[in-house]
Structure formats: structure tokens, C-alpha cells
Amino acid sequence: MNLELLDPFEQDFPEVIEDTLEDGPAVRVKFNRRGTLLAAGCTDGTIVVWDFDTRGVSRSLIGHVKTITSLSWSRNGRYLLSSSMDWSCIVWDLLTGSKKHTIRFDTPVLNAQFHPKNNSVFIAALFQGEPVLVDFSNKIQQSPILKDASAVTTEKGAGSADTATTASTAQSRWTMVVTFDKYGKKIYTGSNRGYINIIDTETRTMLYEIRPTVSAIKNIQFSRRGKEMVVNANDRIIRLFATRDDGPPDQLHKFQDLVNKIHWNQCCLSSDSDYVIGGSAHQAEHNIFIWDRIGGNLVKILEGPKEPLEDLTWHPIRPIVASVSSYGTIHIWATNYQENWSAFAPDFKELEENIDYEEREDEFDIVPEEEASKRRHDDEDVIIDVTTIEKANPYNDSDSEDGEEETFYLPLLPSDQQGEELLHAKHHHRHSRPRTTTIHRHSSQHGGRDRHDSHHAPSKQDSGSNNINNSTTSHHHTRDGGADSAADSYKDDNHHQRRRDHKDRDHGSHASDKISSSSSSSKPKKRSDEYYDHQDGGRDYENGHLGHSGGHDHSSGNGYDRDQQSQQQQHSRRKLEDPQSHSRSIKRQR
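Residues numbered from 1 in each chain as written. Predicted model: local features only at pLDDT ≥ 70, side-chain atom pairs only at ≥ 80, totals over all residues. Heavy atoms only, no water.

Novice: So what's going on with the confidence of the model for the protein chain? Residues and values would help.
Specialist: Mean pLDDT for the protein chain: 74, with 59% of residues reaching 70 or above. The low-confidence segment residues 150–168 (pLDDT under 50) makes 22 contacts with residues lying over four places distant or belonging to another chain. Taken as a whole, residues 507–560 scores under 50 in pLDDT and shows 97 contacts with residues more than four places along the chain or in a different chain. (pLDDT = per-residue confidence, 0-100. Contact = heavy atoms within 4.5 Å.)

See below:
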């Protein structure tokens with residue numbers, strides 16, 4: 001999308017569901033630093049990375065075996081950190097779609113976050129354990145975030161009763177969430193007893209400790225500028241804090257649902273820090289509450305489908321919210337964009353009612369050709385720079401480092417290209433299948449009629465095979481080329497065969513009169529009926545019957561089936577073998 005054409009005075013919070021993304025049962029979502037990619041963690045351990053502009057899947061990462069608990073992007077957008085309930089964290093290289101590092105722990109990982117400046121360092125909160133800092137620049141090294149837990153300095157000073165925690169309290173206090181500030185100089189941890197600890201990243205010492213609530217801390221989110229912080233606790237209240245460099249944060253506002261007193265599953269700040277949003281934990285609603293940060297008033301309630309809300313996040317640049325339902329679908333909330341034609345034509349004005357148009361004096365004057373050509377030449381002399389790349393203002397930050405390369409979009413992997421080429425090759429092969437051929441064998445000894453040789457005829461076992469290697473005298477015809485000649489020979493053979501069969505039927509009783517005395521003792525000669533076999537893949541198709549070409553005679557379309565012909569042949573043989581008929585024939589010859 002062209003960011004320069006966006007209306008800077010448009011409504012700065014979403015209203016309706018613009019799109020829905022579905023690819024696996026998602027439970028966690030996170031935008032990258034520029035909002036061009038959206039990562040979604042699923043309950044089955046898979047991670048899906050979406051191209052947010054095209055709404056297409058860029059990567060599908062498989063490595064975890066249990067539910068994803070958190071996602072974190074590196075500063076340059078190339079690496080993605082995922083934590084799971086399978087006691088591990090994985091650092092993914094999105095350009096190659098592979099694992100860069102896999103870090104194992106002794107307990108399930110509640111959440112993990114990259115260092116804002118260093119892509120080789122991250123922190124992780126463990127279930128019923130101390131949070132750790134992991135450095136994998138040279139080797140994978142794990143170390144606790146706080147070196148000396150006994151040295152605790154609170155906002156009340158060193159002489160107060162709440163200065164240090166006892167050993168029993170420290171054992172029952174578990175860290176629920178950890179996060180870096182904007183520049184990575186401090187680490188904020190939230191415990192199950194409502195404590196928020198602020199730790200120096202370099203010295204690993206406790207700077208401040210505050211206790212805004214007595215219930216467990218669920219989420220800690222910073223604004224894009226790093227000056228505000230929202231805290232979500234189990235007491236159904238979202239608290240807004242203003243951070244300070246020389247002291248603990250100050251609480252500004254409290255946000256809650258005064259009517260229903262519902263819990264909140266997630267909270268965050270808008271991209272410009274003007275609004276605070278909270279995701280309702282109601283089991284039958286998908287509602288998002290939007291409050292004004294300065295006044296603390298409720299601005300809007302976004303009512304979605306009747307699905308519980310699991311997680312949400314605000315787009316880092318545009319007024320867009322991505323929320324996840326318990327059914328695994330991702331809903332994209334956006335504003336109602338109105339067509340702004342003045343963005344394409346600055347002189348265009350929209351009229352609310354008809355007005356009388358006053359024609360200028362020289363508006364429709366005919367311009368001479370010389371003057372028109374001169375104007376065209378002047379326009380062509382303007383030099384257009386198509387090589388210089390200017391960064392859009394939304395992609396420029398005050399703390400951006402010069403020369404830092406960022407990954408906005410993910411290229412197509414070679415495996416994906418090979419898959420597309422394979423599908424294209426299969427499609428091309430399917431539509432360019434070679435044409436089948438039939439083979440006819442012609443015998444020159446019988447007037448061009450077709451006849452199978454005994455030594456080339458396949459047996460019954462081999463009749464189903466597709467062996468079409470014949471003798472050197474066989475002629476090959478394609479279906480299109482030799483179909484006419486084969487049909488003509490087939491008709492001639494059927495005509496001659498019908499005439500022979502009718503003669504045999506009418507004069508079969510007088511066959512004994514035609515036999516000489518010398519052949520009376522020998523066996524009767526078999527009919528040398530010639531037939532036509534149409535071979536296709538080693539099988540014969542004649543007269544609607546499927547038969548093998550292993551030297552067996554078939555009917556030739558004369559109307560009689562094989563059983564009737566065999567009965568006539570047996571009847572004639574019995575007459576020839578009868579001695580009485582043999583003596584009669586001798587007398588007649590005399």
C-alpha cells in the first residue's frame with residue numbers, strides 16, 4: 001500500500017473487521033517493527049508468518065510440539081524468537097526459514113523477548129523459576145537476570161520496612177512476565193504477588209521495586225516511544241504508568257469495565273500512544289475497549305463475533321488492531337476508508353450540490369500545432385530520477401541507526417519455487433500425453449488379410465501385458481492414419497466370412513458326398529477360415545467380446561456365437577466318423 005496517499009487526518013482508531021486470517025489454531029500474534037509482517041503462534045506448536053500487505057503466508061515454521069506462549073521480533077526483522085510450553089525457545093532465521101538456535105530449559109517458558117538493540121540476547125520468564133538472560137553471540141550462555149536477589153532497593157528508601165524481602169517471601173514469589181524498555185537499558189519483571197522489579201541490564205542489580213497491586217501481574221507493554229507503560233493485573237484493572245530515567249514509574253490512570261467488572265486477557269497502547277486498549281476475557285464475547293490516554297474516558301467498544309478473545313496487538317504505524325479468538329482465527333480491525341479523489345488529482349473538488357459553471361475566455365481556444373509541440377518538448381526535457389530510493393516517513397525513527405539493514409518482506413524460498421515448478425510440469429505433462437498406437441500384422445500369403453502368427457501370439461498369461469515388440473514384417477499404424485484401411489479390410493473379411501458360414505449351414509448335411517475314398521480313414525480337415533484380429537495392447541476386441549489372441553478362432557460378425565459354430569462342427573464330424581455313412585459314400589462312388 002502507498003503510505004504517502006494515506007489521509008493524515010483520518011480517524012486514528014479502528015472500527016470494523018476488515019479481514020480474517022485463518023491458518024492453524026492461533027493463540028499469539030505479533031507485528032514486526034514496521035508492521036509489514038505478522039507472526040502467529042498456534043496451539044500445535046507451529047508458527048505462521050503472514051505478509052500483511054498481501055494477506056498471504058510467507059513462512060510456516062515447525063519446531064515446537066506444544067502451545068506457543070510468546071513471540072518476539074528482532075530489531076532488523078530477520079529473526080523471530082518463540083517460546084513454548086515444551087520447555088524451549090527457538091530463534092528462527094526467516095530469510096532461510098530454518099532454526100538458528102534452540103535453547104532448552106528445565107521448566108516451561110512463560111514469555112521471552114529479544115533485546116531491542118542486540119539480536120543475540122534475549123530474556124525469558126520460566127514457570128516457577130527465576131528469569132534468565134540468554135546470550136548466544138559466541139556460545140549459548142544462560143545466567144539469572146538478578147545477580148544478588150538480597151540487595152533490593154525500593155522507592156521508600158533503605159530504612160523502610162519494605163526494603164528487603166525475606167527468604168520465605170522470595171521463594172513463593174514467581175516471575176510471571178519480563179520485558180525490556182525501549183532502549184534495552186532496563187529490565188521490568190512482574191511477579192505473582194503484584195511486584196514490579198526494575199533491573200539494570202549491565203550490572204544486573206535491582207534499581208527499583210514497586211507494588212501497584214496485590215494480585216498477579218499478567219502483562220507489561222511499553223509504548224512505541226517508550227515513555228508510557230501499561231500493566232494488566234488479575235484485579236481486573238489496567239494501569240497506565242509514565243516512565244522516568246531517574247526514578248520508578250508514576251501511575252497516571254486506571255482503566256476498567258465499571259459495569260461488568262470483567263478480566264482482561266491483553267492490553268497495549270496505540271502506535272501514537274493516544275489510546276489504551278484492552279481485550280475482554282469474557283467467555284461469550286469478543287470485545288475490545290478503547291480509552292483515551294490523556295482523559296481516561298472510554299472512546300469505543302469494538303464488538304466482534306461471539307468468540308472469546310485470546311490475544312491482541314496494535315499495528316506499529318497504522319490504526320489497525322489484530323485480535324485472536326479462541327477458535328484460532330485472526331481478526332483484522334481497521335477504519336472505514338473513504339475515497340479521497342484529491343489524492344490523485346489536486347484540482348479535483350467534490351460538490352455537495354449543482355453549481356453554475358462559468359467558462360473561461362480562453363478555455364476552449366484552439367492551440368496552434370507549433371505551440372502544442374513546443375509544450376510537449378518542454379515536458380520531455382524534465383529529468384525524472386528513477387534510481388534514488390527515498391524512505392517513507394512512517395519507516396523513519398529518531399533512534400534509527402545509519403547503515404542498518406532491515407527486513408520488510410520475506411523472499412520466496414527455493415523450495416517453494418521448486419514446488420511451483422513441479423506443479424507446472426505435472427500440469428503440462430497431463431495436457432501433452434502421447435497418443436496411443438495400434439499394430440496390425442498383414443500376411444502377404446492370404447491376399448492382404450490379417451492373420452496372427454503362432455510364434456508371435458501371446459499366451460493367456462501374457463495377454464494382459466503391453467508388449468508390442470513384433471517381428472520386422474509388422475506394420476505400425478497410428479489410430480488416425482491407418483484407421484480407414486483397417487476398417488475397409490475388416491468389412492471385406494466380414495462379407496466373405498458370412499458367405500462361407502451360410503454355405504456351411506445349408507450344405508453341411510452333404511459334406512460326406514465330397515470326401516474321396518482315400519481320405520475316408522484319415523481325420524477330417526479343419527476349416528481354414530481366415531479371421532481378422534484387431535490387436536490393441538495385447539488384447540482382441542471382436543464382436544463385443546474380449547478374447548486372447550493365442551491361436552483361438554473368433555466369430556467374424558456373422559450373427560452366430562461360438563457355441564453354435566462348435567455344435568455344427570461336432571455334428572459334421574460325427575457324420576464323417578459313422579461307418580454306415582462311409583459305406584454309403586463308397587457305393588455312390590461306384
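Novice: Explain the pattern of salt bridges to me, using residue names and the numbers behind them.
Specialist: When the charged atoms of two side chains with opposite charge come close together, those side chains can pair. According to the stated counting rule, one finds 8 salt bridges in the structure shown. One salt bridge connects Arg55 with Glu18, and the closest N-O pair in it is separated by 3.2 Å. Here the residue Arg55 occupies a position in the loop between β4 (46–51) and β5 (56–62), and Glu18 occupies one in strand β1 (residues 16–21), the gap between them amounting to 37 residues. Take Glu18: its relative accessible area is 40%, and that puts it in the partly exposed class. A salt bridge links Asp93 to Arg78; the shortest N-O distance between them is 2.9 Å. Here Arg78 lies in the loop between β6 (68–73) and β7 (79–84) and Asp93 lies in strand β8 (residues 88–93), a separation of 15 residues in the sequence. It is possible to trace a salt-bridge network through shared partners that takes in Glu18, Asp19 and Arg55. (Salt bridge = Lys/Arg side-chain N within 4 Å of Asp/Glu carboxyl O. Helix = DSSP H or I, 4+ residues; strand = E, 2+ residues; numbered from the N terminus. Buried < 20%, exposed > 50% of the residue type's maximum accessible area, 1.4 Å probe, protein only.)

Novice: Give a description of the pairing of β7 that names residues and reports values.
Specialist: Judged by how many residues are buried, β7 sits mostly within the fold: 6 of 6 residues are covered. Side chains of β7 alternate between two faces, with Tyr79, Leu81 and Ser83 and Leu80, Ser82 and Ser84 buried alike. In this structure, β6 lies alongside β7, joined through 5 bridges in antiparallel fashion. When the bridges of β7 are listed, Ser72 appears paired with Leu81. The loop that links β6 with its antiparallel partner β7 comprises 5 residues; one of these, Gly77, has a positive phi angle of about 80 degrees. As paired elements, β7 and β8 share 5 bridges and run antiparallel to each other. Looking across to β8, one finds that Tyr79 is bridged to Asp93. Between the antiparallel neighbours β7 and β8 lie 3 residues, among them Trp87 with a positive phi of about 65 degrees. (Pairing = 2+ DSSP bridges.)

Novice: Just give me the short version of the side chain of His64, but keep the residues and values in it.
Specialist: Of note, His64 is situated in the loop between β5 and β6. At 2.8 Å, the side chain of His64 forms a polar contact with the side chain of Ser82. Those residues within four positions of His64 in sequence are excluded, and the remaining contacts are Asp44, Gly45, Ile47, Ser82, Ser84, Asp86, Ser88, Cys89 and Ile90. (Polar contact = N/O pair within 3.5 Å; in protein donor to acceptor, adjacent residues only side chain to side chain.)

Novice: Break down the packing of aromatic side chains for me, with residues and values.
Specialist: Following the criterion strictly, the structure yields 8 aromatic pairs and no others. When the ring of Tyr188 is compared with that of Phe222, the centres are 5.0 Å apart and the planes differ by 70 degrees; the resulting orientation is edge-to-face. A residue pair is termed long-range when its members are at least 10 positions apart, and Tyr188 in strand β15 (residues 186–191) and Phe222 in strand β18 (residues 217–222) qualify at 34 residues. Each member of the pair, Tyr188 as well as Phe222, is classed as buried. Ring geometry for Trp264 and Phe289: centres 5.1 Å apart, planes at 85 degrees, overall edge-to-face. Note that Trp264 is positioned in strand β22 (residues 264–269) and Phe289 in strand β24 (residues 287–292), a separation of 25 residues in sequence. Here the aromatic residues Phe255, Trp264, Phe289 and Trp291 are joined through ring pairs into a cluster of three or more. Between Arg173 and the ring centre of Tyr195, over which it is positioned, the NZ or CZ distance is 3.8 Å. Above the plane of the ring of Tyr183 lies Lys182, whose end atom (NZ or CZ) is 5.8 Å from the centre. (Phe/Tyr/Trp six-rings, centres within 6.5 Å; stacked < 30°, edge-to-face > 60°. Lys NZ or Arg CZ within 6 Å of the ring centre and 35° of its normal.)

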